[in-house]
2 protein chains.
Amino acid sequence: MSVFTATSLSILTSSAEGYPMSSSPDWGSSVGTPCSFVQPQGYGQYGASALLSDSEERGLSCSGGGSGGSCVPRDVQKNVRVSGVSVQLEMKTLWEEFNRLGTEMIVTKAGRRMFPTFQVKIFGMDPLADYALLMDFVPLDDKRYRYAFHNSSWLVAGKADPATPGRVHFHPDSPARGAQWMRQIVSFDKLKLTNNLLDDNGHIILNSMHRYQPRFHVVFVDPRKDSERYAEQNFKTFIFQETQFTAVTAYQNHRITQLKIASNPFAKGFRDCDPEDW
Amino acid sequence: MSVFTATSLSILTSSAEGYPMSSSPDWGSSVGTPCSFVQPQGYGQYGASALLSDSEERGLSCSGGGSGGSCVPRDVQKNVRVSGVSVQLEMKTLWEEFNRLGTEMIVTKAGRRMFPTFQVKIFGMDPLADYALLMDFVPLDDKRYRYAFHNSSWLVAGKADPATPGRVHFHPDSPARGAQWMRQIVSFDKLKLTNNLLDDNGHIILNSMHRYQPRFHVVFVDPRKDSERYAEQNFKTFIFQETQFTAVTAYQNHRITQLKIASNPFAKGFRDCDPEDW
DNA sequence: TAGTTTTCACCTAGGTGACAACGT
DNA sequence: ACGTTGTCACCTAGGTGAAAACTA
């Protein structure tokens, strides 16, 4: 890791400031790979209707149909090393189950893992080329939320707090050859979320009570000396709607809590019935 | 891992059959790097005098002086990618402490880690070249031993049992660039020893009650198509006398047991006094 | 008797949600 | 009220040597 500088990635971190599903016009249904990009219906319900019941079927429109959402600017001709890459989200049905309820992810000062863990299968890389894999998190909108316990629903509580430092998490095996990435499931289980603005552990900093969309980036490590010039061509971004979530310091929706307890092995101590009942 | 075949390593596995310190004439004090190879005094005491008291100072002759024992056939001109490589054993004083008592390593059917763990710092690699790092274990002699509890010493119990399958343990990060290997300590903590001849977990198979010398190999992954032809030039082997040990299924020397308990964090449960008393 | 195998209590190391305490 | 923080019991996962059981 950290063999290569962030130069070729500046394009990523800068774009992380916007809201890719809405305000950024050059993100859309892609070319090349099977692309299940879904129009911004899922978060739109949040943004527009502002009040949303748990039992709504809104998750269905976010789950996507195919193996992954490939979202690249239309006008950039991608390098052949990334253009053919496709990605399949693991534990997709579990993600969808959470998403249907409105996924919440705990953030703590020390940093908390995500559950479910973001993990993918990768196809179509050049086996001999070097790639870096990384994730970042973009706000789904500019709102702050609060949870209404009385009717189990999220409410808009105002405009978003000031944006957190836009960090990026490199998969610790980066960089590595395509053959290695494709050999087995790539897991981002080391990634941790924090609400500590002064965090110096390299964790992802998020605002509690805000909504986020995880993004997955495949970056071809260009051996050319002037590789910065090709930065835009050398990466490809994948977005899975079903992985969006609300950052919280304590779970709000009781059904999310129960699903976490039921499906996360580390929460086994809080189960009171067989895990197969789910 | 396993990106490259064993072709370039056949030379290693084949040489693992002999006893490099004695019968193999082309192993000796080396060229190139600082080389603390010590004449076969250490094991020689085992082979020759056959009976050895715990309190002898034999360990002192095995501990070596410099940063590592580099042992290569004299007549082969090494590739520049490996000729400048040097290696420093971590926890050297702990290894020496064990070696002074006569190190024992547990072997189990399921596989047991080594303690101390074999770990090294590496210098002088080409930062951009790819290397594989691996370990193997060669018999120190052709003897079988038993422990005489009455006077706390090892006795020769006969000729060695049939040799075990000569396996090799690749460091799981192999292959990787020199820059990555040199960045931090390289630890072989995943390596496990077994006495199960039918082991299919890829563990190192050893005969209990036999003496072994761990070896550390740095292999330059040659990008040339006919790289097999340069196999001999592309690797360099390091031997640290102080890491030799007797494989056992249960500790024989009570002082070894006590030192393991005192120094291995996982054995903390068996301590009855402060760990700083050592 | 000498050595091996299995089981076990006890650790390391660290990921869970519950909960009480603490802010604002 | 609402949200955050730290502590805690309870897990996962797996590395220890002790001791009993087993095998020639």
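Just so we're clear, the structure is a prediction, and the values are computed from it rather than from any experiment. Per chain, the residues get numbers from 1 upward, laid out in the order the sequence is written. A letter from A marks each chain and a number from 1 marks each ligand, given out in the order of writing. For this predicted model, a pLDDT threshold of at least 70 governs which residues receive local features, and a threshold of 80 or more governs which side-chain atom pairs are given and counted, while totals over whole chains, interfaces and linings are taken from all residues. The side-chain values count all of the structure's non-hydrogen atoms but skip hydrogen atoms and water molecules.

Next up on the list: the overall build of chain A. Only runs of H or I of at least four residues qualify as helices and only runs of E of at least two qualify as strands under DSSP, and these elements are numbered from the N terminus. Along its length, chain A carries six helices and 16 strands. For chain A, long-range pairs separated by at least 24 residues make up 78% of all intrachain contacts whose partners lie at least 6 apart in sequence. Accessible areas in this description were obtained via Shrake-Rupley with a 1.4 Å probe; residue shielding takes into account the shown protein chains only. Only carbon and sulfur atoms are counted for the fraction: they give 53% of the accessible area of chain A, which is about 12,600 Å². Here a residue-residue contact requires only that any non-hydrogen atoms of the pair lie within 4.5 Å.

To continue, consider the pattern of salt bridges. Where side chains of opposite charge bring their charged atoms close, a pairing between them can arise. All names here are of chain B. Whenever a carboxyl oxygen of Asp or Glu lies within 4 Å of a side-chain nitrogen of Lys or Arg, that contact is scored as a salt bridge. For the structure on display, the rule yields 24 salt bridges over all chains. With a closest N to O distance of 2.6 Å, Lys-92 and Glu-242 form a salt bridge. Residue Lys-92 is found in helix H4 (residues 92-101), and its partner Glu-242 is found in the loop between strand E15 (235-239) and strand E16 (245-248); the two are separated by 150 residues along the sequence. Here Lys-159 ties to Asp-142 by a salt bridge, and the two come within 3.2 Å at their closest N and O atoms. Remark: Asp-142 occurs in the loop between strand E6 (130-139) and strand E7 (143-148) and Lys-159 occurs in strand E8 (residues 153-159); sequence separation between them is 17 residues. Relative accessibility under 20% of the residue-type maximum defines a buried residue, over 50% an exposed one, and the middle range a partly exposed one, all with a 1.4 Å probe and only protein chains included. Residue classification places Asp-142 among the partly exposed residues on the basis of a relative accessible area of 26%.

Patches here: salt-bridge-free residues with over 30% relative accessible area, like charges joined within 9 Å, nonpolar side chains (Val, Leu, Ile, Met, Phe, Trp, Tyr) joined within 5 Å. Lys and Arg are tallied as positive, Asp and Glu as negative. Neither His nor the chain termini are counted. We put the charge of a Lys on NZ, of an Arg on CZ, of an Asp on CG and of a Glu on CD. A cluster of basic side chains, namely Arg113(A), Lys190(A), Lys192(A), Arg113(B), Lys190(B) and Lys192(B), defines a positive patch on the protein surface. If you trace the backbone, Arg113(B) turns up in strand E4 (residues 112-113). What makes Arg113(B) partly exposed here is its relative accessible area of 43%.

To continue, consider the packing of helix H4 (residues 92-101) of chain A against helix H6 (residues 254-263) of chain A. All names here are of chain A. Remark: H4 packs on H6, axes separated minimally by 9 Å, with the N-to-C direction vectors making an angle of 160°. When the interaxial angle is binned, H4 and H6 end up roughly antiparallel. In terms of crossing hand, the pair formed by H4 and H6 is left-handed. In this structure, H4 contributes Leu-94, Glu-97, Phe-98 and Leu-101 to the contact, and H6 contributes Arg-255, Ile-256, Leu-259, Lys-260 and Ser-263. Only Asp, Glu, Lys and Arg are considered charged in this grouping, and only Ala, Val, Leu, Ile, Met, Phe, Trp, Tyr, Cys and Pro are considered nonpolar; every other residue, Gly among them, is considered polar. Residues of the contact of H4 with H6, tallied by class, amount to five nonpolar, one polar and three charged. Each axis is a line fitted through C-alpha atoms, taken for helices only over the stretch in contact, and angles between the N-to-C directions span 0 to 180 degrees. To sort the angles, those under 35 degrees are grouped as roughly parallel, those over 145 as roughly antiparallel, those from 65 to 115 as roughly perpendicular, and the leftovers as oblique. Note on convention: near helix rotated counterclockwise from far helix by under a right angle means a left-handed crossing. Clockwise means right-handed.

This paragraph deals with the UniProt feature "domain: T-box" (unreviewed entry) in chain A. UniProt positions are given in the numbering used here, feature names are shortened, and annotations may be inferred rather than shown by experiment. Taken from the UniProt record, the annotation "domain: T-box" (unreviewed entry) applies to residues 89-272 of chain A. Between the end C-alpha atoms of residues 89-272 of chain A the distance is 30 Å, and the span holds 14% helix and 35% strand.

All names here are of chain A. At the junction of Phe-115 and Pro-116, the peptide bond is cis and its omega measures out at 0° in the coordinates. Among the secondary structure elements, Pro-116 is positioned in the loop between strand E4 (112-113) and strand E5 (119-123). That bond from Ser-174 to Pro-175 is cis: its omega, -10°, falls within 30 degrees of zero. Mapped onto the secondary structure, Pro-175 falls in the loop between strand E9 (168-170) and strand E10 (176-177).

This part covers the packing of aromatic side chains. When we look at a pair of aromatic rings, we describe it by the centre distance and by the angle of the planes. Two rings belonging to Phe, Tyr or Trp (six-membered ring only in the last case) form a pair when the distance between their centres is within 6.5 Å. Interplanar angles under 30 degrees mark stacking, angles over 60 mark edge-to-face geometry, and anything in between is tilted. Enumeration according to the criterion identifies 22 aromatic pairs over all chains in this entry. With a centroid separation of 6.1 Å and 70° between ring planes, the pair formed by Phe118(A) and Phe188(A) is classed as edge-to-face. One end of the pair, Phe118(A), is in the loop between E4 and E5; the other, Phe188(A), is in the loop between strand E11 (186-187) and strand E12 (192-194), with 70 residues separating them in the sequence. As far as the burial class goes, Phe118(A) and Phe188(A) line up, both buried. Centre to centre, the rings of Phe216(B) and Phe238(B) are 6.1 Å apart; their planes meet at 40°, and the pair counts as tilted.

Taken together, 20 residues surround DNA strand C, and among them Arg112(A), Tyr251(A), Asn195(B), Thr249(B) and Lys268(B) come closest. To be near a molecule or strand, a residue needs just one of its heavy atoms within 4 Å of it. Near the protein, within 4 Å, the atoms of DNA strand C are sugar or phosphate in 78% of cases. For the purposes of these results, a polar contact is taken to be a pair of N or O atoms within 3.5 Å, where, inside protein, one atom must be able to donate a hydrogen and its partner to accept one; residues adjacent in sequence count only when each atom of the pair is a side-chain atom. Ser208(B) is positioned with one of its side-chain polar atoms (N or O) 3.0 Å from a phosphate oxygen of DNA strand C. Taking Lys268(B), its side chain carries an N or O atom lying 2.8 Å from a phosphate oxygen of DNA strand C. At three residues, H6(A) tops the list of elements feeding residues into the surface near DNA strand C. Partitioned by chemical class, the residues of the surface near DNA strand C number seven nonpolar, six polar and seven charged.

Here we come to the sheet that holds strand E13 (residues 204-205) of chain A. Pairing is mixed in the open sheet, where three strands are placed in the order E4-E12-E13 (chain A). Strand pairing shows two members of the sheet lacking a second neighbour, E4 and E13 of chain A, which therefore form its edges. For two strands to count as paired, DSSP must find a minimum of two bridges between them.

Now for H4(A). Residues and elements named next belong to chain A. All buried positions along H4 are accounted for by Leu-94, Trp-95, Glu-96, Phe-98, Asn-99 and Leu-101. In this structure, the buried side of H4 is in contact with strand E2 (86-89), strand E3 (104-106) and H6. Once H4 ends, the next one or two residues include Gly-102, with phi positive near 95°.

Around DNA strand D, a shell composed of 21 residues is seen, among which Asn195(A), Thr249(A), Lys268(A), Arg112(B) and Asn264(B) lie nearest. Sugar and phosphate atoms constitute 79% of the interface atoms of DNA strand D, taking the interface as everything within 4 Å of the protein. Of all the secondary structure elements, the ones that give two or more residues to the surface near DNA strand D are E4 and helix H6 (254-263) of chain B. Take the surface near DNA strand D: its biggest share by element is three residues, from H6(B). When its residues are assigned to classes, the surface near DNA strand D shows eight nonpolar, six polar and seven charged.

Residue and element names in this part refer to chain B. Strand order in the open sheet formed by three strands is E4-E12-E13, with mixed pairing between adjacent strands. Edge positions in the sheet fall to E4 and strand E13 (204-205), since each of these pairs with one other strand and no more. In the sheet, E4 pairs with strand E12 (residues 192-194) via two bridges, with the strands oriented antiparallel. Bridged to Arg-112 within E12 is Leu-193.

Moving on, we come to the side chain of Ser208(B). All names here are of chain B. For Ser-208, the position within the fold is in the loop between E13 and strand E14 (211-220). Residue Ser-208 is classed as buried on the basis of its relative accessible area, which comes to 16%. A polar contact is formed between the side chain of Ser-208 and the backbone nitrogen of Thr-249, at a distance of 3.5 Å. Ignoring sequence-local partners within four residues, the contact set of Ser-208 consists of Val-107, Arg-144, Ala-247, Val-248 and Thr-249.

Moving on, we come to the side chain of His210(A). Residue and element names in this part refer to chain A. Note that His-210 resides in the loop between E13 and strand E14 (211-220). In terms of polar contacts, His-210 uses its side chain to reach the backbone carbonyl oxygen of Ser-208, at 2.7 Å. Filtering out sequence-adjacent residues up to four positions away, His-210 remains in contact with Lys-143, Arg-144, Ala-160, Asp-161, Phe-245, Thr-246 and Ala-247.

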